[in-house]
Amino acid sequence: MELRHLRYFLAVADARHFTRAAERLGIGQPPLSQQIKALERELGAPLFERLPRGVALTAVGESFYADARQVVSAAEAAVERAQRVARGDAGRLRIGMINSAPFHPFVPQAIRAFGQRYGEVQLSLEEHSTPELVDAVLREQIDIAFVRPPLGQHEGLEAHALFDEANLIALPHGHPLAAFESLSLWALAGESFVLFPRSVGAGLYDEIIACCRRCGFSPRIGQETSQVTSIVNLVAAGLGVSLVPASMRQIHSEGVTYRPIAGDAPRARMVLIHRRDESSPTVARMTQLLREMIRDHGVEPADPPAV
């Protein structure tokens, strides 16, 4: 017994006529009659009572009809689900991001827009450092990740530039430098810095250090923490100053004052990464959505990322 046999039976049962059922199915009436007879032989009982002007279901046929309809409907639903997954309209998307990514409005807006457009795709979110996310993508533990370049020498990665943003100086509340509307990095030459370790974000870390050196000093790092929210908290506690992406000013800590940087200043870039041989349609859907957002909303793209 094959699925087509059930479809043939249902067509005859719905039409109550072999000829009309054959026309709907696009096959000849004699082959259809032969298939139904073969099905009846397999079941060991007649499904139809042959009438002068059509057919009627027997008691066995009535019982078989409900089950056959359920099986065919389930098969059709399975095909439809598989096709939705193949198109990227359903399935799953495992998203990774660095802990500062959600503070820039572009990232949560992109995830929210994806969820609204593809409501049948199951989303999962994880936060890690850039090196951990790169490793997770390469190991196929997550599908995509929002990270800061450069990413090291990984031929298996594809990177899509999204945006870059300015950095701000974060000062403890009441710091003398907070009296100025903007500050050059040179003004921080005598300060103790709170930064993240280079191991969790080499690109931004190196750019901050390089900018300070171009301004004539090497920053003295007094505290290190891998969480950007912890950096803000340590600044609020008076343990140093820091440079943070401008989107971090959303953290309205009473103990922190933010000031723009005058002159040479580091930029914080964001890219989306996935495996170069990635074939998931949900990943393709997300990358297409991000391109649309950059095009339609005028998000300033970053420079081509170094992978």
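Computed from a predicted model, the values in this text were never measured in an experiment.

K.L.:
Before we go on, may I ask you to explain the environment of valine 60 in this structure?
P.N.:
By the secondary structure assignment, valine 60 is in helix 4 (residues 59–87). Exposure remark for valine 60: the relative accessible area of 37% places this residue in the partly exposed category. Each C-alpha atom of the pair valine 60 and glycine 263 lies 87 Å from the other, and the pair is 203 residues apart in sequence.

K.L.:
In this structure, what is going on with the pattern of salt bridges? I would like to understand it.
P.N.:
When the charged atoms of two side chains lie near each other, side chains of opposite charge can form a pair. Under the criterion given, the structure shown has 14 salt bridges. Note that arginine 198 and aspartate 206 form a salt bridge whose closest N and O atoms lie 2.7 Å from each other. When its relative accessible area of 31% is taken as the criterion, aspartate 206 is described as partly exposed. Several salt bridges converge on common partners, so that one network encompasses Arg94, Asp143, Arg275 and Glu278.

K.L.:
Can you walk me through unusual backbone geometry in this structure?
P.N.:
Unusually for a residue other than glycine, arginine 16 sits at a positive phi of about 55 degrees. Mapped onto the elements, arginine 16 comes out in the loop between helix 1 (3–15) and helix 2 (18–25). Here the phi dihedral of glutamate 140 falls at roughly 65 degrees; this positive angle occurs in a residue that is not glycine. Considering the arrangement of structural elements, one finds glutamate 140 in the loop between helix 6 (130–138) and strand 5 (144–147).

The rules behind these values
Residues numbered from 1 in each chain as written. Predicted model: local features only at pLDDT ≥ 70, side-chain atom pairs only at ≥ 80, totals over all residues. Heavy atoms only, no water. Helix = DSSP H or I, 4+ residues; strand = E, 2+ residues; numbered from the N terminus. Buried < 20%, exposed > 50% of the residue type's maximum accessible area, 1.4 Å probe, protein only. Salt bridge = Lys/Arg side-chain N within 4 Å of Asp/Glu carboxyl O.

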